[in-house]
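If you want the building blocks of each chain, they are given just below.
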Amino acid sequence: MAASLEVIGFDTFYGQSQALREFSIRLEGGKVLCLLGRNGAGKTTALKSIMGIIPPRKGKLLIDGNDLSEKPAYEIPKHGIGYVPQGRRLFSELTVRENLEIGLLTRSTGKQALEHALSYFPVLRERINQVSGTLSGGEQTMLAIARALCIEPSVLMLDEPTEGLMPSAIAAIRDVVIKLRDEGKAILLVEQRVDAVIPVADTVAFMDHGEIRETVAIDVLKDNPALLQKYVGV
Amino acid sequence: MGFGPFLFLATLEGLVQASVLVLTAVGLSLVFGVMRVVNVAHGEFFMLGAVIAWFVATNMPGDPAIGFIAALIISPLAVGAVAYVADRLILTRLNYNPEATIVATIGLLYVIQQSVLMTYGADARPVDPPFYYTIRLPWFGYSSYKLFVIAAACVLLGVIWFVLKRTKWGLLMRATQFDRETALAFGIPVRKVYSFVFAIGAGLAAIGAVLIVPIQQAHYLMGLDPLLLSFTVVIIGGLGSIQGTIFAAILIGLSDGILSVFFSPTLAKIVSTLFVAMVLVFKPNGLFAKAKR
């Protein structure tokens, strides 16, 4: 069976500087793969390369078996990849509704997709006409995830969604990630916080200097904290 | 004529100038706001609009109003098409690099200007207004066409506002303006949006030119003044801010009109330049610029 997301041998550069080396992952629906690593390890670059924002010089991208390697960046989300960027990157001067409408641009089933996305975060309904830059940090993260869900993705990529949030907001986001996983979405999660990873991840890939150095099941990680010391420094 | 009526006349003249300026400057502001391109050729799109309006109006048989209406439709479309091609051939290939696009649009300025000189010639040529009716006020008579220019600009600003705030294309433009990278990640074809915006910006300058050619004559060097005034307006209002551009265009247009009538056009230019200098010193991002995020 084809994987939901398969990346084969990405080499990505910033000018002359190589940021990803032979980056490869394979992710099935209903699973969470977490990328862990220190700052500058290449985690965010990996997500941006998958989205085509920083196109790789070499490598293949397959979504549900379809080869998207030659597609321009704006075509990639149409094939079912939702992206929650680092720092949320909402269109902060637009309202909650307008941010969600941008997520709906790739879909013809607009109203249904919007209702479905809002069902995960009922609080956004109350804020629907509010300018998104005035939301709290937790609400902004919820909106960023809801905006990505409006694409009706089979693969969801989240880049440090718990960054800067209070524990209650982190718990709410974690619960939604678990729910989405249980509904069959393939989730690629980038995190710095190990405690946010352990409850949701099935597999953890450790990155260093743009390469995946080791991939382990979450149970192995729980039994082997030395791995965290080696790759994350905690 | 007493001071009051004289001031009223000067204000009307200022509003006519402001109406044309606001359309031209909003085009420039839109291009900078969405694409981050400082389009030095913007005044030449204005000039091209005026020259095409002359060609269309002159070659259209029948009532001058038919020629004018045809010019109002054909000229912005033709200028928009030229801008679209220029974007695809030049700006896209420069990857919209801010410095490179300034140099490229300077080149485009000369290409358009000299092409018009070679084909249209160096003469200034008038276009007949669509109607000549004079409105009799208690103190003086005033051209109904000039009032039409003010009304047309108001309607067009309303249309621009509607497109930006209430349509899917407006949402695409605003999203691209705020964050190009995230727009791409949500399936927005950013380069197509850029080409569209560049064409719209040029088309707005052309509409301003078509409205003004029955008042000023079409000439191959007529692009310089609108370019400088548009930059003045956009700097005062805040680069990329449409509200700021509208406010500054009315301010500059009115001050230009009033000072030109009461004193001299030269003094009017000195005052608008002084405005720019004060804004650059005290509020360098413009009066309506938002705090950086």
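These lines cover the structure that appears in this document, whether it is placed above or below.

Calculation notes
- Residues numbered from 1 in each chain as written.
- Chains lettered and ligands numbered in written order.
- Predicted model: local features only at pLDDT ≥ 70, side-chain atom pairs only at ≥ 80, totals over all residues.
- Heavy atoms only, no water.
- Helix = DSSP H or I, 4+ residues; strand = E, 2+ residues; numbered from the N terminus.
- Rg over C-alpha atoms; globule rule 2.2 N^0.38 Å.
- Contact = heavy atoms within 4.5 Å.
- Areas by Shrake-Rupley, 256 points an atom, 1.4 Å probe, with all protein chains shown as cover.
- Lys, Arg positive; Asp, Glu negative; His and termini not counted.
- Charge placed at Lys NZ, Arg CZ, Asp CG, Glu CD.
- Salt bridge = Lys/Arg side-chain N within 4 Å of Asp/Glu carboxyl O.
- Polar contact = N/O pair within 3.5 Å; in protein donor to acceptor, adjacent residues only side chain to side chain.
- Nonpolar A, V, L, I, M, F, W, Y, C, P; charged D, E, K, R; others polar.
- 1 Å grid on protein atoms, 1.4 Å probe; cavity = no way out; pocket = protein on both sides within 12 Å on 5 of 7 lines; lining within 4 Å.
- Points joined across faces, edges and corners; volume = space filled by probe spheres on them.
- Axes fitted to C-alpha atoms, helices over the stretch in contact; angles between N-to-C directions.
- Left-handed = near helix turned anticlockwise from the far one by under 90°.
- Pairing = 2+ DSSP bridges.
- Patch = residues over 30% accessible without salt bridge, like charges linked within 9 Å, V, L, I, M, F, W, Y side chains within 5 Å.
- Buried < 20%, exposed > 50% of the residue type's maximum accessible area, 1.4 Å probe, protein only.

For chain B, the count of helices and strands is 11 helices and 2 strands. For chain B, whose C-alpha radius of gyration is 19 Å, the value lies close to the compact-globule estimate of 19 Å for 293 residues. Here the analysis covers contacts within chain B between residues at least 6 apart in sequence; of these, 76% occur between residues at least 24 apart. When the accessible area of chain B is evaluated, it comes to approximately 13,100 Å², of which 71% is carbon and sulfur surface. In chain B, which carries 18 positive and 11 negative side-chain charges, the distance between the mean positions of the two groups comes to 12 Å.

So, on to the pattern of salt bridges. Between side chains of opposite charge, a pair can form as their charged atoms come close. The full count for this structure, using the stated rule, is 18 salt bridges over all chains. The salt bridge involving A:R26 is made with A:E6; its shortest N-O contact spans 3.3 Å. Here A:R26, found in strand β2 (residues 17-27), pairs with A:E6, found in strand β1 (residues 5-14); they are 20 residues apart in sequence, far enough to count as distant. A salt bridge links A:K48 to B:E181, with the nearest nitrogen and oxygen atoms 3.0 Å apart.

Turning our attention to the interface of chain A and chain B. With 22 residues of chain A in contact, the opposing surface of chain B contributes 20 residues. Counting every contact that joins chain A to chain B gives 4 salt bridges. Between B:E181 and A:R89 there is a salt bridge, with the nearest N and O atoms lying 3.2 Å from each other. At the junction of chain A and chain B, the tally comes to 5 residue pairs in polar contact (both at pLDDT 80 or more). Sorting the residues of the side of chain A that touches chain B by element identifies α2 (96-104) and α5 (137-149) of chain A as the ones contributing at least two each. Considering each element in turn, the side of chain A that touches chain B owes the most residues, 4 residues, to α2(A). A breakdown of the residues in the side of chain A that touches chain B according to their chemical character gives 12 nonpolar, 3 polar and 7 charged.

Here the idea is plain: a probe the size of a water molecule rolls over the atoms and shows the empty space left. All chains considered together, the criterion is met by 2 cavities of 30 Å³ or more. Lining the largest cavity we find A:P161, A:T162, A:I170, A:I173, A:R174, A:V177, A:L189, A:E191, A:A196 and A:V200. If you tally residues by element for the lining of the largest cavity, the top one is helix α6 (residues 167-182) of chain A, at 4 residues. Considered class by class, the residues forming the lining of the largest cavity number 7 nonpolar, 1 polar and 2 charged. Roughly 40 Å³ of internal volume is contained in the second largest cavity. Along its surface, the second largest cavity is lined by B:L28, B:F32, B:V37, B:V38, B:N39, B:F231, B:V234 and B:L239. Contributions of two or more residues to the lining of the second largest cavity are made by α1 (3-35) and α9 (224-237) of chain B. In terms of residue class, the lining of the second largest cavity is made up of 7 nonpolar, 1 polar and no charged.

Right, let's talk about the layout of surface pockets for a bit. Residue and element names in this part refer to chain B. The space that makes up the second largest pocket amounts to roughly 440 Å³. Q17, I212, Q216, D225 and L229 are, among the 22 residues lining the second largest pocket, the residues nearest its centre. Here the element with the most residues in the lining of the second largest pocket is α1; it accounts for 6 residues. In terms of residue class, the lining of the second largest pocket is built from 11 nonpolar, 6 polar and 5 charged.

On to unusual backbone geometry, then. Residues and elements named next belong to chain A. Even without being a glycine, R88 presents a positive backbone phi close to 70°. Mapped onto the fold, R88 is located in the loop between β6 (81-84) and α2. A positive phi is found at E160, a non-glycine position, where the angle reads about 45°. Secondary-structure assignment places E160 in the loop between β7 (155-159) and α6.

Attention shifts here to the packing of α9(B) against helix α11 (residues 265-282) of chain B. All names here are of chain B. Between α9 and α11, the shortest axis-to-axis distance is 9 Å and the interhelical angle comes to 35°. Seen along the crossing, α9 lies across α11 with a hand that is left-handed. The residues of α11 that touch α9, namely those facing D225, T232, I235 and I236, are K269, S272, F275, V276, V279 and L280. Residues that form the contact of α9 with α11 fall into these classes: 6 nonpolar, 2 polar and 2 charged.

What follows covers the sheet that holds strand β9 (residues 203-208) of chain A. All names here are of chain A. Taken together, the 6 strands give an open sheet; going across it, the order is β6-β7-β8-β3-β9-β10, and neighbouring strands pair in mixed fashion. Across the chains shown, the open sheet's two edge strands, defined by having one partner strand only, are β6 and β10 (211-217). Between one strand axis and the next, the sheet turns through 15° on average, direction left out of account. Note that β6 and β7 share 4 bridges and pair parallel. Within the sheet, the bridge partner assigned to I81 lies in β7 and is V155. Set on the sheet, helix α1 (residues 43-50) makes contact with β3 (32-36), β6, β7, β8 (186-190) and β9; between it and β7 the angle comes to about 145°.

This next bit is on a nonpolar patch on the surface. Residue and element names in this part refer to chain B. A cluster of nonpolar side chains, I69, I73, I74 and L77, forms an exposed patch at the surface whose accessible area comes to about 390 Å². Structurally, I69 is set in helix α3 (residues 64-91). Relative accessible area serves as the criterion here: at 49%, I69 is assigned to the partly exposed category.

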